[in-house]
Protein chains: 2
Amino acid sequence: MEGTPTSRAERRRRTEERILSAARAIFAERGFQRTTIRAVAAAAEVDPALVMQYFGSKQELFEQAVRIPSIPPLDGELEPVEELLGRIGMKMGPLPQATLAMMRSMLTHPDAAEEVRGKLDGQVAQLADAIGSGDAELRAALMVSTMLGVTIAHQLLGLTALRGASPERIAETLRPSLRALADG
Amino acid sequence: MEGTPTSRAERRRRTEERILSAARAIFAERGFQRTTIRAVAAAAEVDPALVMQYFGSKQELFEQAVRIPSIPPLDGELEPVEELLGRIGMKMGPLPQATLAMMRSMLTHPDAAEEVRGKLDGQVAQLADAIGSGDAELRAALMVSTMLGVTIAHQLLGLTALRGASPERIAETLRPSLRALADG
DNA sequence: GTCTATAGTGTGATAGAC
DNA sequence: GTCTATCACACTATAGAC
C-alpha cells in the first residue's frame, strides 16, 4: 500500500501540519495559557488525544508552532541602516502567525519572553553594529523598541488610529523618527 | 468597643488595602491568568476565602487592583507637545504597579486590552490636538506606540541594552525621535 | 494508528463550623 | 466575622479499547 497517492507518512505529515496551523492561529489569538489542546484539536478537526500523541505536551506544541526561520546574521559588509530595518521587520505588513503567537504570549509566558528577548537582543546588536557611534547600542535598542511598540499597537492591540492605516503609510510616517535615532 | 484606636471598619479597610497591594504586585508579575487567588491571599497573609468575601470574584479583584486615577483631560489652552509627552508618561521611570499589572495582561486578557486601548486612544487624541496638522492622528498614534514599545521593552521584557540605562538617558535619547514625529 | 475513558492536578467559588 | 473543608469544573496527560 505504499504506492498509494497518499501514503501513511504523507497523511501523517499533512495532519501534523494542519494541527500546527490551527495551533498558530489560536495561540496568536489567545496566547499560551488561554488556548487549550481541545480548541486546537477542534480547529484542526482531529481528536484532542492525537495532538498529545504527536507533540507530547502543550509546551512542545507551542514551541513547534512558533518555530520560524530566524533572520540570517549579517555576513561580511555592513548594510545600510535602512535596508537592515526593512530586513528586520519594518515591513509593518501582516506578520506570520508564528510571530504573532510568540508576541501574544511574551508578557505572560516566561519561555516566550525569553525567546523574544533573545531575538530582539540579536536585532539590537546587528543594528548597533551598523550604526557604530558611541551610544549605538542604546539607540539601536530604542529603534527596535519603537518597531515593537508600533507592531503591538497595530497588530495586537488595534489602536483605532492605526487600524485604518496602510503598512506603507505607517512605515513612511515612521521613517524620520527612526532616522533621527540612527543618525544620533 | 467603637472607641478603640483600630475600629472594625478601620481594620477591614487596612486588610483590604493589603490584599489590593499584594494583588497589584502579583498581577504585575504574572498577568491575569497566572495569578491565583490563593497566591494573592498568601502574599497578603489572609485566607483565600476572605479575598473572595471582599471582592466577589477574581475579575473584580483585578479591576479594583488596576484602578488608577487617569490623566485629567486638557482644559482650555493647548500645551506644548513636550510637556504633554511628559504628562502622558514619558517619564520612563518606574511605573505604578497598577499600570504594570494592566500592561502585563493587555495581550491576553480581553478586558485589559479594551481598557488599555481606550486609554491609549485618549492619549492619541490629546496629542493629535496639540499637533494639529494633516496626518496628526497617525503621527500621534506612532508617538504613543513608541512610548508603549519602549516601556514594554524596558519594564516588562527587559531588553539587555535597556536594563542598564537610566530613565533620564532613555528619555533624552528618544526625544529627537518623538520630535521628528511631532513636527512632521 | 486512532480515539474513548479516565486519572491526576489546580482552579474559582461556596457552605457551614467556630 | 473569619476560616476550614469541600464542591464543581476545566484542564493536561495517560492508559487501554478498538
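Just so it is clear, the structure is predicted and the values come from calculations on it, not from any experiment.

With that settled, consider the nonpolar core. Judged by nonpolar contacts, the single largest core of 129 residues is most densely connected at A:L61, B:L61 and B:I152. Among all residues touching B:L61, those that are not within four sequence positions of it are B:I19, B:L20, B:A23, B:F27, B:I37, B:V40, B:V51 and B:F55.

Right, let's talk about the packing of aromatic side chains for a bit. Tallied over the entire structure, the rule returns 8 aromatic pairs over all chains. Judged by centre distance (4.9 Å) and plane angle (80°), the rings of B:F27 and B:F62 are edge-to-face. In this pair, B:F27 is assigned in helix α1 (residues 8-30) and B:F62 in helix α4 (residues 58-66), connecting sequence segments 35 residues apart. Residue B:F27 is classed as buried on the basis of its relative accessible area, which comes to 1%. Put simply, the rings of A:F27, A:F32 and A:F62 pair up and form one aromatic cluster. Directly above the aromatic system of A:Y54 lies the positively charged group of A:R12, at a separation of 3.9 Å from the ring centroid. One residue, B:K58, lies across the ring of B:F32, its end atom 4.5 Å from the ring centre.

Taken together, the contact pairs 45 residues of chain A with 45 residues of chain B. Summed over both partners, the interface of chain A with chain B buries about 3800 Å², with 72% contributed by carbon and sulfur atoms. Looking at the side of chain A facing chain B, the largest losses of area belong to A:L107, A:L138 and A:L157, adding up to 19% of the total buried there. The interface formed by chain A and chain B includes 0 salt bridges.

For the pair chain A and chain B, the superposition axis carries a translation of 0.0 Å, the fit reaches an RMSD of 0.1 Å, and the rotation angle comes to 180°. The superposition operator between the copies reduces to a two-fold rotation axis. Relative to the rotation axis, the C-alpha of A:G149 is the closest in chain A, positioned 1.7 Å from it.

UniProt tags residues 36-55 of chain A as "DNA-binding region" (unreviewed entry). For residues 36-55 of chain A, the end-to-end C-alpha separation is 14 Å, with 80% helix and 0% strand making up the annotated structure.

Let us look at the side chain of A:T151. By the element assignment, A:T151 lies in helix α8 (residues 136-157). Not counting the four nearest positions on each side in its chain, A:T151 is found in contact with A:M92, A:L95, A:M103 and A:L156.

What follows concerns the packing of helix α6 (residues 97-105) of chain A against α8(A). The packing of two helices is summarised by the inter-axis angle and the distance between the axes. Residues and elements named next belong to chain A. In contact at an axis separation of 12 Å, α6 and α8 are set at 100° when each is read in the N-to-C sense. In this view, α6 runs roughly perpendicular relative to α8, as classed from their interaxial angle. Counted together, L100, M103 and R104 of α6 and L148, T151, I152, Q155 and L156 of α8 form the full contact between these two elements. Across the contact of α6 with α8, the residue classes break down as 5 nonpolar, 2 polar and 1 charged.

Here the focus is the packing of α1(B) against helix α6 (residues 97-105) of chain B. Residues and elements named next belong to chain B. Viewed as axis vectors pointing N to C, α1 and α6 meet at an angle of 35°, and their least axial separation amounts to 7 Å. Classified by chirality, the crossing of α6 by α1 is left-handed. Here R24, A25, F27, A28, E29 and R30 of α1 lie close against α6, whose contacting residues are Q97, A98, L100, A101 and R104. Looking at the contact of α1 with α6 residue by residue, the class counts come to 6 nonpolar, 1 polar and 4 charged.

Another point: the environment of A:L107. For A:L107, the position within the fold is in the loop between α6 and α7 (110-131). Under the relative-accessibility criterion, A:L107 is labelled buried at 3%. Between the alpha carbons of A:L107 and A:F55 there is a distance of 24 Å; along the sequence they are 52 residues apart. Setting aside anything within four residues of it in sequence, one finds A:L107 in contact with B:M103, B:R104, B:M106, B:L107, B:I152, B:L156 and B:L157.

Around DNA strand D, a shell composed of A:T35, A:T36, A:I37, A:R38, A:M52, A:S57, A:K58, B:D47, B:A49, B:L50 and B:Y54 is seen. Per the 4 Å cut-off to the protein, sugar and phosphate atoms form 78% of the nearby atoms of DNA strand D. At 2.9 Å from a phosphate oxygen of DNA strand D is found a main-chain nitrogen or oxygen belonging to A:K58. The separation between a phosphate oxygen of DNA strand D and a polar side-chain atom of B:D47 is 3.1 Å. Looking at the surface near DNA strand D, the elements with two or more residues in it are α2 (37-44) of chain A together with α3 (48-55) of chain B. When residues of the surface near DNA strand D are assigned to their parent elements, the largest contribution, 3 residues, is made by α3(B). Along the lines of polarity and charge, the residues of the surface near DNA strand D split into 5 nonpolar, 3 polar and 3 charged.

Right, let's get into the protein's contact with DNA strand C. Looking at DNA strand C, there are 13 residues lining it, with A:D47, B:T36, B:R38, B:M52 and B:K58 nearest. A:D47 places a polar side-chain atom, nitrogen or oxygen, 3.2 Å from a phosphate oxygen of DNA strand C. Between DNA strand C and the protein, one listed contact pairs a phosphate oxygen with a backbone N or O atom of B:I37 at 3.3 Å. Elements with a minimum of two residues in the surface near DNA strand C: α3 (48-55) of chain A together with α2 (37-44) and α3 of chain B. Ranked by the residues each element gives to the surface near DNA strand C, the list is headed by α3(A), at 3 residues. When grouped by side-chain class, the residues that make up the surface near DNA strand C number 6 nonpolar, 3 polar and 4 charged.

Here we take up the domain arrangement of chain A. All names here are of chain A. Assigned domains within chain A: domain 1 (8-66) and domain 2 (81-183). On a C-alpha basis, the centres of domain 1 and domain 2 stand 28 Å from each other. Interface area, domain 1 with domain 2, both sides summed: about 960 Å², of which 60% is carbon and sulfur. Looking at the side of domain 1 facing domain 2, the largest losses of area belong to A28, F62 and V66, adding up to 43% of the total buried there. Our enumeration of links across domain 1 and domain 2 arrives at 0 salt bridges. Connecting domain 1 to domain 2 are 5 residue pairs in polar contact (both at pLDDT 80 or more). Breaking the side of domain 1 that touches domain 2 down by element, the ones donating at least two residues are α1 (8-30) and α4 (58-66).

The rules behind each value
- Counting from 1, residues in each chain are numbered in the order their sequence is written.
- Chains carry letters from A onward and ligands carry numbers from 1 onward, assigned in written order.
- In view of the model being predicted, local features appear only for residues whose pLDDT reaches at least 70, and side-chain atom pairs are presented and counted only at 80 or more, with totals across whole chains, interfaces and linings using the full set of residues.
- Side-chain metrics rest on all non-hydrogen atoms present in the structure, leaving aside hydrogens and water.
- Throughout, nonpolar core names a set of buried Ala, Val, Leu, Ile, Met, Phe, Trp, Tyr and Cys residues whose side chains join them through atoms within 4.5 Å.
- Summary of the burial criterion: residues with accessible area below 20% of their type's maximum are buried, those above 50% are exposed, and those between are partly exposed, where the area comes from a 1.4 Å probe applied to protein chains only.
- Throughout, a contact is declared for two residues whenever any of their heavy atoms are within 4.5 Å.
- For Phe, Tyr and Trp, rings pair up if their centres lie within 6.5 Å, where Trp contributes its six-membered ring, and each pair is then called stacked (planes under 30 degrees apart), edge-to-face (over 60) or tilted (otherwise).
- Put simply, DSSP marks the helices as runs of H or I at least four residues long and the strands as runs of E at least two long, and each gets a number from the N terminus on.
- Whether a charge sits over a ring comes down to the Lys NZ or Arg CZ being within 6 Å of the ring centre and within 35 degrees of the ring normal.
- Simply put, the buried area is the total loss of 1.4 Å probe accessible area from both parts when two parts are fitted together.
- Put simply, a salt bridge is a Lys or Arg side-chain nitrogen that is within 4 Å of an Asp or Glu carboxyl oxygen.
- Residues below a pLDDT of 70 in either copy are left out; the C-alpha atoms of the rest, at least 70 in both, set the least-squares superposition of the copies.
- UniProt positions are given in the numbering used here, feature names are shortened, and annotations may be inferred rather than shown by experiment.
- Axis definition: a line fit to C-alpha positions, over the contact stretch in the case of helices; interaxial angles, taken between N-to-C directions, run 0 to 180 degrees.
- Roughly parallel here means an angle under 35 degrees, roughly antiparallel means over 145, roughly perpendicular means 65 to 115, and every remaining angle is called oblique.
- Ten residue types, Ala, Val, Leu, Ile, Met, Phe, Trp, Tyr, Cys and Pro, are classed as nonpolar, four, Asp, Glu, Lys and Arg, as charged, and the remainder, Gly among them, as polar.
- Note on convention: the crossing is left-handed when the near helix lies turned anticlockwise from the far helix by less than a right angle, right-handed when the turn is clockwise.
- For each residue, the test is whether any non-hydrogen atom lies within 4 Å of the molecule or strand; if one does, the residue is near.
- Two N or O atoms count as a polar contact when they lie within 3.5 Å, although within protein this holds only if one can serve as hydrogen donor and the other as acceptor, and sequence-adjacent residues are included solely when both atoms are side-chain atoms.
- Note that the domain bounds reflect an automated or database-derived domain assignment.

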